[in-house]
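Each chain is listed here by its residues.
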There are 4 protein chains.
Amino acid sequence: MAGTVSNELRRDVLEANLRIPRAGLATLTWGNVSGVDREAGVFVIKPSGVSYDALGADDLVVVSLADGSVVEGRLRPSTDTETHRSLYLAFPSIGGVTHTHSTHAVAFAQARRPIPVLGTTHADTFNGPVPVTAALTPEQCAKHYEYNTGQVIVDLLEGDDTRAGEVPGALVAHHGPFTWGTDATKSLEHAIICEAVAEMALHTIALGAVEPPQHLLDRHFTRKHGPDAYYGNPGAA
Amino acid sequence: MAGTVSNELRRDVLEANLRIPRAGLATLTWGNVSGVDREAGVFVIKPSGVSYDALGADDLVVVSLADGSVVEGRLRPSTDTETHRSLYLAFPSIGGVTHTHSTHAVAFAQARRPIPVLGTTHADTFNGPVPVTAALTPEQCAKHYEYNTGQVIVDLLEGDDTRAGEVPGALVAHHGPFTWGTDATKSLEHAIICEAVAEMALHTIALGAVEPPQHLLDRHFTRKHGPDAYYGNPGAA
Amino acid sequence: MAGTVSNELRRDVLEANLRIPRAGLATLTWGNVSGVDREAGVFVIKPSGVSYDALGADDLVVVSLADGSVVEGRLRPSTDTETHRSLYLAFPSIGGVTHTHSTHAVAFAQARRPIPVLGTTHADTFNGPVPVTAALTPEQCAKHYEYNTGQVIVDLLEGDDTRAGEVPGALVAHHGPFTWGTDATKSLEHAIICEAVAEMALHTIALGAVEPPQHLLDRHFTRKHGPDAYYGNPGAA
Amino acid sequence: MAGTVSNELRRDVLEANLRIPRAGLATLTWGNVSGVDREAGVFVIKPSGVSYDALGADDLVVVSLADGSVVEGRLRPSTDTETHRSLYLAFPSIGGVTHTHSTHAVAFAQARRPIPVLGTTHADTFNGPVPVTAALTPEQCAKHYEYNTGQVIVDLLEGDDTRAGEVPGALVAHHGPFTWGTDATKSLEHAIICEAVAEMALHTIALGAVEPPQHLLDRHFTRKHGPDAYYGNPGAA
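No experiment lies behind these values; they were computed from the predicted model shown.

A.B. asks: Describe the layout of surface pockets, naming the residues involved and giving the relevant values.
C.D. replies: Its boundaries defined by the atoms lining it, the second largest pocket holds a volume of some 1,400 Å³. Lining the second largest pocket are 40 residues; nearest its centre among them are Leu28 and Thr29 of chain C together with Arg19, Lys186 and Glu189 of chain D. Sort the elements by how many residues they give to the lining of the second largest pocket and helix 8 (residues 184-207) of chain D lands first, with six residues. The residue makeup of the lining of the second largest pocket, split by class, is 16 nonpolar, 15 polar and nine charged.

In structure tokens:
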């Protein structure tokens, strides 16, 4: 059946959502993670306004990639569902999306400043600054607001799937961070890293930021990404 | 019996008080939540100076809305009881009140600056800045001090119940935040949000705050409030 | 026997020490609380360099008020023992002393700035700024260094026991906070409050501090202290 | 057998690694501790990219001091292994090395500012500022990058083992802190202290830092280190 997703996908999406409060990224019920099954043409997402304590795998909502309709689930999906959908449609290589209102990333979004690359912590994951979108226009707010929130990110990256892979996150102006990855877990980890580097950048700016040499940043990104990556233990927890 | 409140109200007020330390809003015993039963003409509030660890439903104090006398309970009510009472009397639509000394909201109160609207996190709950009162006069401090602490909030909002619904909180100058809502739980959640947006605003100001477009803020407030609200799952936890 | 202290005093001092890490005031083993038995002429204090996890009532050390010698206990007392002793000798009304290296209070001590009174959170406990001592001279560092660390606090307060009661804490320049109270528990609570108001003051200064009216501060101090105090529930937890 | 290490060393290294997240120094899997057995010519280190939750003593990797080859273990060692090795080779007195991306120490590293000595908290452990290295050159990044990351620290200290003992840590420019000690546990504790004093320094600088008198700093360092040390209880937990 087209709308059915694997238990594994449900479990991954549930677990990634539960990690939002554990990682200190959530206030109340704010924040949501989704994961996509491109063959089935659907994605699984947190329901709207449900507390993490009460969240079970059965509460997750399965949504059609094609038109945003609910395919499975008895609750309304997150109000941010259409933002997730627009990102999945624009960037074929991504498998998971996370949205939070984490404190320091939101501060950069509210100041409409990108999170600058100031060191290897950032360069290990983001091959460039975490960019910030334009503010949505009155028209973009009036109709299909949530879909347009994704669209301003897509426009910012000029719809370039490769860029989305190199810098897996963006700040929506006056709103907050959206991050993505090859699956739900990766998108959540990028949200954690986005918040960590935003906090480090804020303190660095207070001390007087100094631009790092590009060859150092390149070295860090390529040791974790691409054909010559040598970080980690494939298969280990 | 007029002074008796339902077990449900007691449980809600107890639970909201216990969430103060869990949400990181409390130092020692600071902070208190109350909930009102308007038909019975009473409200239920935390006793004064009791630690959250030791707090049980039986320790809560039931207070008369009309004159502030203790209707039920063997402990003294919170010293802030009269502040709660003045807010209930001025704003008929509110059902719960919370007071904390949460760090960042207090910093704005001490600097006598409103918490500005800098993004959607704020606009989702507060339809405008969280305002700050005038400092209490020597006369207001000398007599009925706690009642007057509520009264300066009432004066700030010109006693307007609609405004109290649109911006469910205020900072008392050199003191701290008071928030309210349709019930005790909602007032507590507004205290959590007030602290979260104060922290975000502090960091945004350090980075250089930029005013957000009004149409974005309006969109966020109306998607959670009013006749066209579409956020959340009514009835879900 | 003169050197024996009650189990109750031991338990209070142990419990107050264990609250240091729980209140977020400790890094590693830094921080210590003592409590005095003036009739017995001794005080009970944490041993030096023992981790809070491993600390039991039997590890506490009983020290002579008169000469600082160990009266009971198989471990060395805290290196700060002589500082505690000099405070007990100078201020007859105090029953407990706490020393921590809590982050924000240390920042004020390192900047050699008093923690200013910016609101009611501060005025509820400290009837004036938390003052900062002069730096110790080479002579004061060379000999009886720890005793002299207490002495610079005594000098700062001109040995005035009433002042010590009104502002139960001080910052030692380039070192950190020492607080005291009528017993060990109270001294620990003053350390918690000292750190809380230091953090609030730091953020308030960043936002632009405004001096609060004196009549407001007076009102708060007197509602918790002195003959007309009406805060709290005597006897309740 | 040359490559075999004692169970005690394994346990110490494991325990020190597990303390990284508990001390709030870790985001995700970032951070690693190693401990050396100089007689056996090997050191034990955390595997690359394994989460702390899943880490067991058997996952640790034993690496040759002489050439960096894996002597024992089925996982790849930390990508930072060569940095640890270069420090062990340069400084014969050290027995453990810790690397983290703790927030405030990284901020100083990113601003390329040493952590200044502003008080006794710092002077208790570090007999001078925690220095910051030069940025690595393109050549140092291109080949043997991780080994060179250690080498810039060695160069900064002019290969002086005594200096490494007096200031047991350094910041690598645009990267983060490396600390060391006589064993794995000590190196980890120095990482905790490095982060604590970095946070205190950041706040002190915001308030206006004042240089402390050298005689005070000397007094603190010597009461914990060297022949006249009198801090702590040897043998106690």
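A.B. asks: Would you mind going over the relation of the copies chain D and chain A in detail, with residue names and values included?
C.D. replies: Least-squares fitting of chain D to chain A yields an RMSD of 0.0 Å, with the transformation described by 0.0 Å of translation along the axis and a rotation of 90°. Seen this way, the second copy is the image of the first under a four-fold rotation axis. Identified as the residue of chain D closest to the rotation axis by C-alpha distance is alanine 206 of chain D, at 5.8 Å.

A.B. asks: I'd like a rundown of the packing of aromatic side chains, residues and numbers included.
C.D. replies: For the coordinates displayed, the defined rule picks out eight aromatic pairs over all chains. Taking the centre distance of 6.0 Å and the plane angle of 25° together, the rings of phenylalanine 91 of chain C and tryptophan 180 of chain C count as stacked. With a gap of 89 residues between them, phenylalanine 91 of chain C in the loop between helix 2 (81-90) and strand 5 (96-99) and tryptophan 180 of chain C in strand 7 (residues 176-181) connect regions that are remote in the sequence. The exposure class of tryptophan 180 of chain C is buried, given its relative accessible area of 1%. In this structure, lysine 224 of chain B packs its charged tip against the face of tyrosine 231 of chain B, placed 4.1 Å from the ring centre.

A.B. asks: Please give an account of the side chain of threonine 27 of chain A that cites residues and values.
C.D. replies: Looking at the element boundaries, threonine 27 of chain A is found in the loop between helix 1 (7-22) and strand 1 (32-37). Once residues within four sequence positions are removed from consideration, threonine 27 of chain A is found in contact with Ile192 and Ala196 of chain B.

A.B. asks: Help me get a handle on the confidence of the model for chain A, residues and values and all.
C.D. replies: Residues at a pLDDT of 70 or more form 97% of chain A, whose mean pLDDT is 95. For this predicted complex, the interface score ipTM comes out at 0.95, while the overall pTM is 0.96.

A.B. asks: Please provide a residue-by-residue account of helix 8 (residues 184-207) of chain C, values included.
C.D. replies: All names here are of chain C. Here helix 8 spans 35 Å end to end across 24 residues, near enough to the 34 Å set by a 1.5 Å rise per residue. Where burial is concerned, most of helix 8 is hidden: 19 out of the 24 residues are buried. Between the side-chain oxygen at the start of helix 8 and the backbone nitrogen of threonine 185 there is a gap of 3.3 Å, and the oxygen is on aspartate 183. Once helix 8 ends, the next one or two residues include glycine 208, with phi positive near 105°.

A.B. asks: With reference to specific residues and values, describe unusual backbone geometry.
C.D. replies: A positive phi is found at leucine 28 of chain A, a non-glycine position, where the angle reads about 50°. Inspection of the secondary structure puts leucine 28 of chain A in the loop between helix 1 and strand 1. Positive phi is not limited to glycine here, since arginine 112 of chain B has a value of about 50°. Along the chain, arginine 112 of chain B turns up in the loop between helix 3 (103-110) and helix 4 (120-123).

A.B. asks: Before we move on, can you summarise the environment of threonine 81 of chain B with the specific residues and values?
C.D. replies: Mapped onto the elements, threonine 81 of chain B comes out in helix 2 (residues 81-90). Dropping the residues within four chain positions of it, threonine 81 of chain B is found in contact with Phe43, Ile45 and Val63 of chain B.

A.B. asks: Provide a residue-level description of the sheet that holds strand 2 (residues 42-45) of chain D, including the pertinent values.
C.D. replies: Residues and elements named next belong to chain D. Spatial ordering of the open sheet is given by 4-3-2-1-5-7-6, a layout of seven strands whose pairing is antiparallel. Looking at which strands have only one partner, the edges of the open sheet turn out to be strand 4 (70-72) and strand 6 (169-172). Shown here is a sheet whose adjacent strand axes are inclined to one another by a mean of 25°, direction ignored. One ladder, built from four bridges, connects strand 1 (residues 32-37) with strand 5 (residues 96-99); its direction is antiparallel. The residue bridging glycine 35 from the neighbouring strand is glycine 96, located in strand 5. Along the sheet, helix 1 (residues 7-22) makes contact with strand 1, strand 2, strand 3 (61-64) and strand 4, crossing strand 1 at roughly 160°. Sheet strands in contact with helix 6 (residues 145-156) are strand 6 and strand 7 (176-181), and its direction is about 125° off that of strand 6.

Calculation criteria
- Residues numbered from 1 in each chain as written.
- Chains lettered and ligands numbered in written order.
- Predicted model: local features only at pLDDT ≥ 70, side-chain atom pairs only at ≥ 80, totals over all residues.
- Heavy atoms only, no water.
- 1 Å grid on protein atoms, 1.4 Å probe; cavity = no way out; pocket = protein on both sides within 12 Å on 5 of 7 lines; lining within 4 Å.
- Points joined across faces, edges and corners; volume = space filled by probe spheres on them.
- Helix = DSSP H or I, 4+ residues; strand = E, 2+ residues; numbered from the N terminus.
- Nonpolar A, V, L, I, M, F, W, Y, C, P; charged D, E, K, R; others polar.
- Least-squares fit on C-alpha atoms with pLDDT ≥ 70 in both.
- Phe/Tyr/Trp six-rings, centres within 6.5 Å; stacked < 30°, edge-to-face > 60°.
- Buried < 20%, exposed > 50% of the residue type's maximum accessible area, 1.4 Å probe, protein only.
- Lys NZ or Arg CZ within 6 Å of the ring centre and 35° of its normal.
- Contact = heavy atoms within 4.5 Å.
- pLDDT = per-residue confidence, 0-100.
- Expected span 1.5 Å × (residues − 1).
- Polar contact = N/O pair within 3.5 Å; in protein donor to acceptor, adjacent residues only side chain to side chain.
- Pairing = 2+ DSSP bridges.
- Axes fitted to C-alpha atoms, helices over the stretch in contact; angles between N-to-C directions.

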